[in-house]
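Observations on the three-dimensional arrangement
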Amino acid sequence: MQTVTIPFIKGDGVGPEVTSAMQQVLDAAVAKAYSDKKIDWLEVPAGGSAFEKYGSYMPDQTVEAFKKYGIGIKGPLMTPVGGGIRSLNVYLRQTLDLFVCLRPVRWFKGVESPVKHPENVDMVIFRENTEDIYAGIEWESGSPEAQKFCRFLQDEMGVSKVRFPETSAFGVKPVSKEGSERLIRAAIKYALDHNRPSVTLVHKGNIMKFTEGGFKKWGYELAEREFGDALASGRLVIKDCICDAFLQNALLKPEDYSVVATLNLNGDYISDQLAAQVGGIGIAPGANINYATGRAIFEATHGIAPDIAGKDIVNPCSNILSGVMMLEHLGWNEAADLIYAALEKSFSEGFATADLARFMPNGKSLSTTEFTKHLISIL
């Protein structure tokens, strides 16, 4: 029996509900697909419940478990807006150097969408995960640090473009050649391994010429240097698009894009817009991966939704599909394919949680628990 230990974080808000659903569905699929494979689930603490018990939102033991086993999955975790603790998601990505946020976006037959042809959306987003303004280097307006930084800009760097220096908050946007190259390299390798025709570098280099513009420049140089044969043979096309134009094009001609490589903030916007085009973030999976070390943490891409927590109505598909990505990462593709097929069958017959079923012509609304049981019955 091949048993793989998977550390997991239940999460805050609706986290425990979507995590339970994910585990039940994955266990059923693995049992159906194999007689010699099994997941050993290892719960590790994080978020609000961890703070109550351990006095820390992210105890050291949790980070060490992810390091030890090299894999994990998590439900959504609380992050206050405008103050308080910094994002626990960002903390994990940076601490474990999970430099790729991988977000595949595809449409499932039967799911209603705000666009006419959601079936044309079939993209894989490679979002840089450790740099850009998400590095968390910023200083609050009026703080001594902000004032000191402002004086440095003015006195040492000759900057005169800060419109209101006395009340400005400041943030720093680091974008490195190494960080850009490893992200783009991973995107290109993925495209070649999965027979995808193109990689698009999405950036705002027309305005931020040395950060976002550097990302574009380094990407083309890397492609020519390391993947010249694939470019010359036509197996792969490298192109680029300014971010605001991409957001429009993704609606008007999504079929033009396959694999997308972009920086941290752009990737956040892009992946959520694309998720909306195929039915919403409730069916959008995500993974954080270091392709050099092999470490990976899979996660629900939505928030904790405290207003519906405990009501048995949350859509668990984001976490289930993130679990499917985890199965694929393990090479357990047969189990992953079973879950894809079960979801397709359920949605095409109109069975879904209320957020999706209410828009389906033949929608049959199920609770979280009922939907989970329904998927397992299909499996």
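That block above? That's the structure.
Analysis parameters
Residues numbered from 1 in each chain as written. Predicted model: local features only at pLDDT ≥ 70, side-chain atom pairs only at ≥ 80, totals over all residues. Heavy atoms only, no water. Phe/Tyr/Trp six-rings, centres within 6.5 Å; stacked < 30°, edge-to-face > 60°. Helix = DSSP H or I, 4+ residues; strand = E, 2+ residues; numbered from the N terminus. Buried < 20%, exposed > 50% of the residue type's maximum accessible area, 1.4 Å probe, protein only. Lys NZ or Arg CZ within 6 Å of the ring centre and 35° of its normal. Salt bridge = Lys/Arg side-chain N within 4 Å of Asp/Glu carboxyl O. Expected span 1.5 Å × (residues − 1). Contact = heavy atoms within 4.5 Å. Polar contact = N/O pair within 3.5 Å; in protein donor to acceptor, adjacent residues only side chain to side chain. Core = buried A, V, L, I, M, F, W, Y, C linked by side-chain atoms within 4.5 Å. Axes fitted to C-alpha atoms, helices over the stretch in contact; angles between N-to-C directions. Parallel < 35°, antiparallel > 145°, perpendicular 65-115°, else oblique. Left-handed = near helix turned anticlockwise from the far one by under 90°. Nonpolar A, V, L, I, M, F, W, Y, C, P; charged D, E, K, R; others polar. Pairing = 2+ DSSP bridges.

On inspection of all chains with the given rule, the structure shows eleven aromatic pairs. Their ring planes at 65 degrees and their centres at 5.4 Å tell us that Phe 126 and Tyr 190 sit as a pair that is edge-to-face. Separated by 64 residues along the polypeptide, Phe 126 in strand S5 (residues 122-128) and Tyr 190 in helix H6 (residues 177-193) bring together distant segments of the chain. For Tyr 190, a relative accessible area of 18% translates into the label buried. Members of the aromatic cluster, connected to one another through ring pairs, are Phe 108, Tyr 340, Phe 347 and Phe 371. When the ring centre of Tyr 34 is taken as reference, the NZ or CZ atom of Lys 37 above it lies at 4.6 Å.

With that out of the way, let us pick up the pattern of salt bridges. Using the criterion set out here, one finds 19 salt bridges in the structure. Across the pair Glu 64 and Lys 67 runs a salt bridge whose closest N-O atoms are separated by 3.6 Å. With Glu 64 and Lys 67 both in helix H3 (residues 60-69) and three residues apart, the pair spans about one turn of that helix. Under the relative-accessibility criterion, Glu 64 is labelled partly exposed at 46%. In this structure, Arg 196 and Asp 122 form a salt bridge, with 2.9 Å as the shortest nitrogen-oxygen distance. Placement of the pair is Arg 196 in the loop between H6 and strand S8 (198-203) and Asp 122 in strand S5, with a sequence separation of 74 residues.

It is worth spelling out helix H1 (residues 15-33) at this point. Here H1 is 19 residues long and its end C-alpha atoms lie 27 Å apart, about the 27 Å a rise of 1.5 Å per residue gives. Taken residue by residue, H1 has Gly 15, Glu 17, Val 18, Thr 19, Ala 21, Met 22, Gln 23, Val 25, Leu 26, Ala 29 and Val 30 as its buried positions. The secondary structure elements touched by the buried residues of H1 are strand S1 (2-9), strand S2 (37-43), strand S3 (71-74), helix H11 (317-330), helix H12 (333-348) and helix H14 (368-378).

Time to look at the side chain of Thr 372. Tracing the chain through its elements places Thr 372 in helix H14. In terms of polar contacts, Thr 372 uses its side chain to reach the backbone carbonyl oxygen of Thr 368, at 2.8 Å. Leave out the neighbours within four places in its chain, and Thr 372 touches Ala 21, Gln 24, Val 25 and Pro 316.

Here is a general trend for soluble globular proteins: nonpolar side chains tend to be buried in one another's company. Phe 126, Val 199 and Phe 347 are the most contacted members of the largest nonpolar core, which has 70 residues in total. Considering every element that reaches this core, the biggest residue donor is H6, with eight residues. Counting 14 residues, the second largest nonpolar core, distinct from the first, contains Val 121, Met 123, Ile 125 and Ile 270.

Another point: the packing of H1 against H12. Packed helices, taken two at a time, are described by the angle between their axes plus the distance between the axes. It is at 8 Å that the axes of H1 and H12 come closest, and there the two elements cross at 120 degrees. The pairing of H1 with H12 is recorded here as oblique in orientation. The chirality of how H1 crosses H12 is right-handed. Of the residues in H12, those in contact with Val 25, Leu 26, Ala 29, Val 30, Lys 32 and Ala 33 of H1 are Glu 334, Ala 335, Leu 338 and Ile 339. In terms of residue class, the contact of H1 with H12 is built from eight nonpolar, no polar and two charged.

In spatial order, the strands read S2-S1-S3-S12-S11-S4-S5-S10-S8-S9; together these ten strands make up an open sheet with mixed pairing. The outermost strands of the open sheet, each flanked by one partner alone, are S2 and strand S9 (237-242). Across the sheet, the axes of successive neighbouring strands diverge by a mean angle of 25 degrees, strand direction being ignored. Here S8 runs beside strand S10 (residues 259-262); their pairing, made up of four bridges, is parallel. Counted as the bridge partner of Thr 200 is Val 260 from S10. Strand contacts of helix H4 (residues 88-95): S1, S3, S5, strand S11 (285-289) and strand S12 (296-300), with the helix running at about 165 degrees to S12, the strand carrying the most contacts.

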